[in-house]
Amino acid sequence: MSNTNDLTNRINDRYSTMSKGQKLLASYIIDYYDQAVFLTASKLGETVGVSESTVVRFAVQLGYKGYPEFQHALADMVQNKLSSIQRTEVSYGRISRSGVLESVLRADMEKIRGTLEKIDENAFKLAVDTILSAKRIYVAGIRSCAPLASFLAFYLNFMFDNVIHLQTNSSSELFEQMVRICKDDVIIGISFPRYSLRTLKALEFANNRNAKVITLTDSVHSPMNLYSSCNLIADSDLISIADSLVAPLSVINALIAALCMRKQDEVADTLDQLEGIWDEYQVYENDEIDYIDDTLKMHYAKIGDTDV
């Protein structure tokens, strides 16, 4: 069928005849279609708590030849349900035009509060220890997550010698930048819905090279967690055409603060050197605002009065 709601319709039509395990799959697909699309039949079964054979039978009962055809239909469902127009319509329906500022700021506050309640502190500590012990640190974030990756990499460079910020629009270029990644290294992958397949492939590549994998994403069900041993979970939601990434940024800030506390001497030395370099090469001479103290202001005022 060409109907873009074909998969949803098939599930609804056949739901009453499904087994208990198939109903669990159906509920998961409806609620987490954007995450299920990345999963193999085996991983989908493991996530929901059913066997791989149950997943395959579920696909066949829905009228598909097998799991690959079902996954293709699921991809079509994701593409249509998460189109930019639909995302915008949903978000605008939740915000009053007269209270946009308050609505958005309060929503962001709730995301930070929710993140604080659910984030695994042990996973956070493990992330800090893993980064500290790594030979090289790779940071990956594509599309809307690129600013988060850039922010993290910028400050990691103050603390570590070998930080590689993966910046590319091509999967092949991504692997070229990661060609030396090994078991002594760590990669930090940042991705939120819509999830980036390029970021996922980078994490898969790192995992295959036995590198440590840390993820910053929105759910334990995120496909980004397929290859990671350390998952940092932060709430993210659609506000308008842009996703709210306030909570993920707060987690990144906490990560930077924790690393700085563990490397205080190195960070202080680096900053001291940078201050000297900035002063010597007049880096901020034309780009930094210095407030004129009150004595200078009074001096200039008197000169002005005399001239008059």
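The structure we're discussing is the one just above.
Residues numbered from 1 in each chain as written. Predicted model: local features only at pLDDT ≥ 70, side-chain atom pairs only at ≥ 80, totals over all residues. Heavy atoms only, no water.

A. Representation of the nonpolar core within the structure. One finds Ile137, Leu156 and Ile190 to be the most contacted residues of the largest nonpolar core, which totals 35 residues. For this core, the elements supplying multiple residues, two or more each, are helix H9 (121–133), strand E1 (137–141), helix H10 (146–156), strand E3 (186–190), strand E4 (212–217), strand E5 (230–233) and helix H13 (246–262). Per element, the largest residue contribution to this core is 7 residues, and it comes from H13. When near neighbours in sequence (up to four residues on either side) are disregarded, Ile190 contacts Ala140, Gly141, Ile142, Cys145, Leu148, Ala149, Leu152, Thr199, Leu216 and Ile252. Leu7, Ala36, Val48 and Phe70 belong to the second-largest nonpolar core, a separate cluster that totals 25 residues. (Core = buried A, V, L, I, M, F, W, Y, C linked by side-chain atoms within 4.5 Å. Buried < 20%, exposed > 50% of the residue type's maximum accessible area, 1.4 Å probe, protein only. Helix = DSSP H or I, 4+ residues; strand = E, 2+ residues; numbered from the N terminus. Contact = heavy atoms within 4.5 Å.)

B. Seen up close, the pairing of E3. Within E3, 5 of the 5 residues are buried, which leaves the element mostly enclosed by the surrounding structure. Neither face of E3 is left uncovered, since the one carrying Val186, Ile188 and Ile190 and the one carrying Ile187 and Gly189 both have all their residues buried. Relative to E3, E1 runs parallel, the two being bridged by 5 bridges. Looking at the pairing, Tyr138 lines up with Ile187 of E3. When E3 meets E4, the two strands line up parallel, connected through 5 bridges. Bridged to Gly189 within E4 is Thr215. In the classification by handedness, the crossover that spans E3, the intervening helix H12 (residues 197–208) and the parallel E4 is right-handed. (Pairing = 2+ DSSP bridges. Right-handed = clockwise from strand over helix to strand, strands pointing away.)

C. The arrangement of empty space enclosed by the protein in detail. Evaluation of the coordinates by the stated rule reveals 1 cavity of 30 Å³ or more. The volume enclosed by the largest cavity comes to roughly 40 Å³. In terms of residue count, the dominant contributor to the lining of the largest cavity is H13 (3 residues). For the lining of the largest cavity, a count of residues per class yields 9 nonpolar, no polar and no charged. (1 Å grid on protein atoms, 1.4 Å probe; cavity = no way out; pocket = protein on both sides within 12 Å on 5 of 7 lines; lining within 4 Å. Points joined across faces, edges and corners; volume = space filled by probe spheres on them. Nonpolar A, V, L, I, M, F, W, Y, C, P; charged D, E, K, R; others polar.)

D. Summary view of H9. For H9, with 13 residues, the first-to-last C-alpha span of 19 Å sits near the 18 Å given by 1.5 Å per residue. Among the residues of H9, those classed as buried are Ala123, Phe124, Ala127, Val128, Thr130 and Ile131. For H9, the arc enclosing every buried residue in end-on projection is 165 degrees, short of the 170-degree limit, so these residues lie on one face. Every exposed residue of H9 that faces more than 90 degrees away from the buried side is listed here: Glu121, Asn122 and Ser133. The opening residue of H9, the one whose side-chain oxygen lies 2.9 Å from the backbone nitrogen of Asn122, is Asp120. (Expected span 1.5 Å × (residues − 1). Arc of directions from axis to C-beta. Polar contact = N/O pair within 3.5 Å; in protein donor to acceptor, adjacent residues only side chain to side chain.)

E. Structural detail: the pattern of salt bridges. This model, assessed by the stated rule, comprises 9 salt bridges. In this structure, the salt-bridge partner of Arg106 is Glu102, at a minimum N-O distance of 2.8 Å. Of this pair, Arg106 and Glu102 both sit in helix H8 (residues 100–118), separated by 4 residues, roughly a single helical turn. Relative accessible area serves as the criterion here: at 48%, Arg106 is assigned to the partly exposed category. Its salt-bridge partner being Glu266, residue Lys263 comes within 3.6 Å of it at the nearest N-O pair. By relative accessible area, Lys263 is classed as buried at 14%. A relative accessible area of 40% places Glu266 in the partly exposed class. (Salt bridge = Lys/Arg side-chain N within 4 Å of Asp/Glu carboxyl O.)

F. Quick peek at unusual backbone geometry. Although it is not a glycine, Arg143 adopts a positive phi angle of roughly 55 degrees. Mapped onto the elements of the fold, Arg143 is located in the loop between E1 and H10. Taking relative accessible area as the criterion, Arg143 reaches 48% and is therefore assigned partly exposed.

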